[in-house]
Amino acid sequence: MKHTFALIDGLVNLLSKVPRQTIETEDRKRKAWEICEDLVLHVEALKKLIKNHKEEKYLKRLHAANISKISDWAEQVTALFDKFDSFLNTLEKDVKKVQYIVENKPDQWQIHIHDLAFGVYLSGLHDEEEEMKKFREIAIFEMHELNGIISAKHIAEIESVLQLLE
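Trainee: Explanation requested: the pattern of salt bridges in the structure shown.
Mentor: Side-chain pairs of opposite charge can arise where the charged atoms are in close proximity. Summed over all chains, the structure comprises 5 salt bridges. As a salt-bridge pair, lysine 153 and aspartate 38 come within 3.4 Å of each other at their nearest N and O atoms. With a gap of 115 residues between them, lysine 153 in helix H8 (residues 152-165) and aspartate 38 in helix H2 (residues 26-53) connect regions that are remote in the sequence. Given the relative accessible area of 46%, lysine 153 is considered partly exposed. Taken together, the salt bridges that share partners define one network made up of Asp27, Arg30 and Glu34.

Okay, here's the thing in C-alpha cells:
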C-alpha cells in the first residue's frame, strides 16, 4: 500500500501542475498534453499495482500486516480497493476528455480542467484519517517485486516520494 500511495501522491502533485489558465498557445498546449500523457502513465502503473495487490500472495501479506491496528480489517481493505478502482476509472475517463479538449477545443480548457482533480476528492484517497495513514505505512511489495510490475521511472518516483516522507 505504501508504494501505491506514493504513486498517488505523485499523481496528485502532477495534477497540481496542470495549467489553470487558457492553453491557446502552442507551448501551453504542449505542456497540457505532456501532463495528460504522464497522468495516463500513472493510471496504468497504479492499475498494475492494484491488480497485483489483489493477487493471493500479496493479499495474504496485506491481511497479515498490522491487522491489530485497523478495526474491521477485511472491510477496510475492500473499501480501499474500491476507492482505488473508482478513482482510477474516473481519472482515466477525465484524462481522455481533457486530451480531447487539448486537441480540439483548447478555448474550453478552463471550463473542463477542474473536473480532472475532482476525482481525487470524490475517491477519499486524499483523506488524512487515521485509518488511511495506517494503510500508507504498510509495504506489501519489496522493491525487487515492483521491478516486475511497473516501470523504472515509477519506481524512482516512489523512492523519491518515500524519501521525502521519511
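Trainee: Help me understand the side chain of aspartate 94, please; the structure alone is not making it clear to me.
Mentor: The residue aspartate 94 is located in helix H4 (residues 73-104) in this model. Buried and unpaired, aspartate 94 has lysine 97 as its nearest opposite-charge partner, separated by 4.2 Å. Sequence-distant contacts of aspartate 94, that is, excluding residues within four places in its chain, are made with Asp115 and Leu116.

Trainee: Any chance you could explain the packing of helix H1 (residues 2-16) against H2 here in plain terms?
Mentor: Axes are the key here: two packed helices are described by the angle between their axes and the distance separating the axes. For the pair H1 and H2, interaxial distance at closest approach is 10 Å and the crossing angle is 165°. Classed by the angle they form, the pair H1 and H2 counts as roughly antiparallel. Relative to H2, H1 is oriented so that their crossing is left-handed. Counted together, His3, Thr4, Leu7, Ile8, Gly10, Leu11, Leu14 and Leu15 of H1 and Ile35, Asp38, Leu39, His42, Ala45, Leu46, Leu49, Ile50 and His53 of H2 form the full contact between these two elements. For the contact of H1 with H2, the class distribution of residues is 11 nonpolar, 5 polar and 1 charged.

Trainee: I keep staring at H1 and nothing clicks. Help me out?
Mentor: For an α-helix, the turn length of 3.6 residues means that residues three or four places apart are oriented alike. For H1, spanning 15 residues, the distance from its first C-alpha to its last is 21 Å, which sits close to the expected 21 Å at 1.5 Å a residue. Every buried residue of H1 is listed here: His3, Thr4, Phe5, Ala6, Leu7, Ile8, Gly10, Leu11, Leu14 and Leu15.

Trainee: How do you make sense of the environment of proline 19 when you look at a structure like this?
Mentor: Its location among the elements puts proline 19 in the loop between H1 and H2. For proline 19 and glutamine 110, which are 91 residues apart along the polypeptide, the C-alpha to C-alpha distance reads 8.9 Å. Setting aside its immediate chain neighbours within four residues, proline 19 contacts Lys31, Ala32, Ile35, Trp109 and Ile113.

Definitions and limits used
- Residues numbered from 1 in each chain as written.
- Predicted model: local features only at pLDDT ≥ 70, side-chain atom pairs only at ≥ 80, totals over all residues.
- Heavy atoms only, no water.
- Salt bridge = Lys/Arg side-chain N within 4 Å of Asp/Glu carboxyl O.
- Helix = DSSP H or I, 4+ residues; strand = E, 2+ residues; numbered from the N terminus.
- Buried < 20%, exposed > 50% of the residue type's maximum accessible area, 1.4 Å probe, protein only.
- Lys, Arg positive; Asp, Glu negative; His and termini not counted.
- Contact = heavy atoms within 4.5 Å.
- Axes fitted to C-alpha atoms, helices over the stretch in contact; angles between N-to-C directions.
- Parallel < 35°, antiparallel > 145°, perpendicular 65-115°, else oblique.
- Left-handed = near helix turned anticlockwise from the far one by under 90°.
- Nonpolar A, V, L, I, M, F, W, Y, C, P; charged D, E, K, R; others polar.
- Expected span 1.5 Å × (residues − 1).

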